[in-house]
Amino acid sequence: MRLTKQTGHAIRILIDCALAGNQLVKVADISERLGVTKQNVFKIVHILSHAGFLTAVRGPNGGVRLAKPAPSIKIGDVVRAIEVTRVQVEGGTDPTSNDADPGNINAMFDDALAAFITVLDQHSLAELAVRSPIGLTQARDPGEDARASKARSKKPAARTSRRS
């Protein structure tokens, strides 16, 4: 099965928030760190908030943080919130019928998808945050992002001189 980029981004956003602990994380900072557009991060944060994984605080001092502890967030639940977890093959048996027909291709794919999600349910966000390959394996200082951003904005523009 192939998951969408949106699911990968959602998991990375949750990892980023897990590594921030109880600190609020700004969407712009997540966008910059993960290389995902702010618009996409806002969209995914909205979905994750409605699914109960994130708490969002509005305003100039706002941001997002995990709504529950990272060990209690199962990766299968995140995939269910982001992906379509129902397979419908055109021309298959009516999925609303209670046929026990072993030839029902939709039932076969639904079983396979359920097995896939069951494996993901065995893993938590905390496991992924510890193994994070994005260089955030230790708790980071949330003020560090703001200081780095401020330092970049204070750099003088490079001057080019033309000499004939």
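In the block above lies the structure referred to throughout.
As the structure is a prediction and not an experimental result, all values here were calculated from the model.

(A) The arrangement of helix α3 (residues 38-50) in detail. In this model, α3 (13 residues) spans 18 Å end to end at C-alpha, consistent with the 18 Å of a helix rising 1.5 Å per residue. Turning to α3, its buried residues number three or more, namely V41, I44, V45 and L48. For α3, the angular spread of buried residues about the axis comes to 105 degrees, placing them on one side. Away from its buried face, by an angle of more than 90 degrees, α3 presents the exposed residues Q39 and H50. Against α1 (5-19), α2 (27-34), β1 (54-57), β2 (63-66) and α4 (75-82) lie the buried residues of α3. Where α3 terminates, the next one or two residues include G52, which has phi positive at roughly 90 degrees.

(B) Quick peek at the environment of T85. Within the element layout of this structure, T85 appears in the loop between α4 and α5 (105-120). Spatially, the C-alpha atoms of T85 and D110 are 8.2 Å apart, while their sequence positions differ by 25 residues. Sequence-distant contacts of T85, defined by excluding residues within four places in its chain, comprise V79, R80, L113 and I117.

(C) Summary view of α1. Between its first and last C-alpha, α1 extends 21 Å over 15 residues, near the 21 Å set by a 1.5 Å rise per residue. Of all 15 residues in α1, 11 are buried, a share of seventy percent or more. Turning to α1, its buried residues number three or more, namely T7, H9, A10, I11, I13, L14, I15, D16, C17, A18 and L19. Looking one or two residues past α1, G21 carries a phi angle of roughly 70 degrees, positive in sign.

About the cut-offs
- Residues numbered from 1 in each chain as written.
- Predicted model: local features only at pLDDT ≥ 70, side-chain atom pairs only at ≥ 80, totals over all residues.
- Heavy atoms only, no water.
- Helix = DSSP H or I, 4+ residues; strand = E, 2+ residues; numbered from the N terminus.
- Expected span 1.5 Å × (residues − 1).
- Buried < 20%, exposed > 50% of the residue type's maximum accessible area, 1.4 Å probe, protein only.
- Arc of directions from axis to C-beta.
- Contact = heavy atoms within 4.5 Å.

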